[in-house]
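One-letter residues, chain by chain:
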Amino acid sequence: MGQFVVSPTTHRTDCGRFRASFSVQRTQDKGKSSPVYRVDKTFASRAGARLFAVTQGWLQASMSHPPDC
């Protein structure tokens, strides 16, 4: 899958849970901005939020016509 770079990130919420977001960028488009997708779900752990973000980024990159998150 070397055509894309998935960049996951997590953020702690006020209640102590975690939110996930990610961006997907083509490797040949370095330097251009890419959209950031924010997930509405919250997770009990930072690791869970990160895993979800990586998975969603991979799905977004691998689908020919991905749905908007």
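What you are looking at is a predicted structure, and each value in this text was computed from that prediction instead of being measured.

Definitions and cut-offs
- Residues numbered from 1 in each chain as written.
- Predicted model: local features only at pLDDT ≥ 70, side-chain atom pairs only at ≥ 80, totals over all residues.
- Heavy atoms only, no water.
- pLDDT = per-residue confidence, 0-100.
- Helix = DSSP H or I, 4+ residues; strand = E, 2+ residues; numbered from the N terminus.
- Core = buried A, V, L, I, M, F, W, Y, C linked by side-chain atoms within 4.5 Å.
- Buried < 20%, exposed > 50% of the residue type's maximum accessible area, 1.4 Å probe, protein only.
- Phe/Tyr/Trp six-rings, centres within 6.5 Å; stacked < 30°, edge-to-face > 60°.
- Polar contact = N/O pair within 3.5 Å; in protein donor to acceptor, adjacent residues only side chain to side chain.
- Contact = heavy atoms within 4.5 Å.
- Pairing = 2+ DSSP bridges.

Peer 1: Go over the confidence of the model for the protein chain with me, naming the residues and quoting the values.
Peer 2: Interpretation of this model should avoid reading the predicted coordinates in detail wherever pLDDT is low. Residues with a pLDDT of 70 or more make up 81% of the protein chain, whose mean pLDDT is 85. Of all the helices and strands in the protein chain, strand 3 (residues 36-38) carries the lowest mean pLDDT, 89, while helix 1 (residues 46-62) carries the highest, 92.

Peer 1: Quick rundown of the nonpolar core? Include the residues and the values.
Peer 2: Core analysis: the biggest nonpolar cluster contains 10 residues, these being Phe 18, Ala 20, Phe 22, Val 24, Tyr 37, Val 39, Phe 43, Ala 49, Ala 53 and Ala 61. Residue contributions to this core peak at 4 residues, all from strand 2 (residues 18-26).

Peer 1: Pulling in residues and values, what's your account of the packing of aromatic side chains?
Peer 2: According to the stated counting rule, one finds 2 aromatic pairs in the structure shown. Note on Phe 22 and Tyr 37: the rings are 5.1 Å apart at their centroids and 25° apart in plane angle, and the pair reads as stacked. Residue Phe 22 is found in strand 2, and its partner Tyr 37 is found in strand 3; the two are separated by 15 residues along the sequence. Note on Phe 43 and Phe 52: the rings are 5.2 Å apart at their centroids and 45° apart in plane angle, and the pair reads as tilted. Judged by relative accessible area, Phe 52 falls into the partly exposed class, the value being 23%.

Peer 1: Can you lay out the side chain of Thr 10 for me, pointing to particular residues and giving the numbers?
Peer 2: You can see Thr 10 is positioned in strand 1 (residues 4-12). For Thr 10, a relative accessible area of 15% puts it in the buried group. A polar atom in the side chain of Thr 10 sits 2.8 Å from the side chain of Arg 46. Once residues lying within four places of it in the same chain are set aside, the contact partners of Thr 10 are Arg 19, Arg 46, Ala 49 and Arg 50.

Peer 1: Which residues make up the pairing of strand 1, and what are the values?
Peer 2: Strand direction decides the pairing type here: strand 1 and strand 2, joined by 9 bridges, are antiparallel. By the bridge assignment for strand 2, Val 5 is matched with Gln 25. Between the end of strand 1 and the start of strand 2, which pair antiparallel, lie 5 residues, with Gly 16 showing a positive phi angle near 95°.

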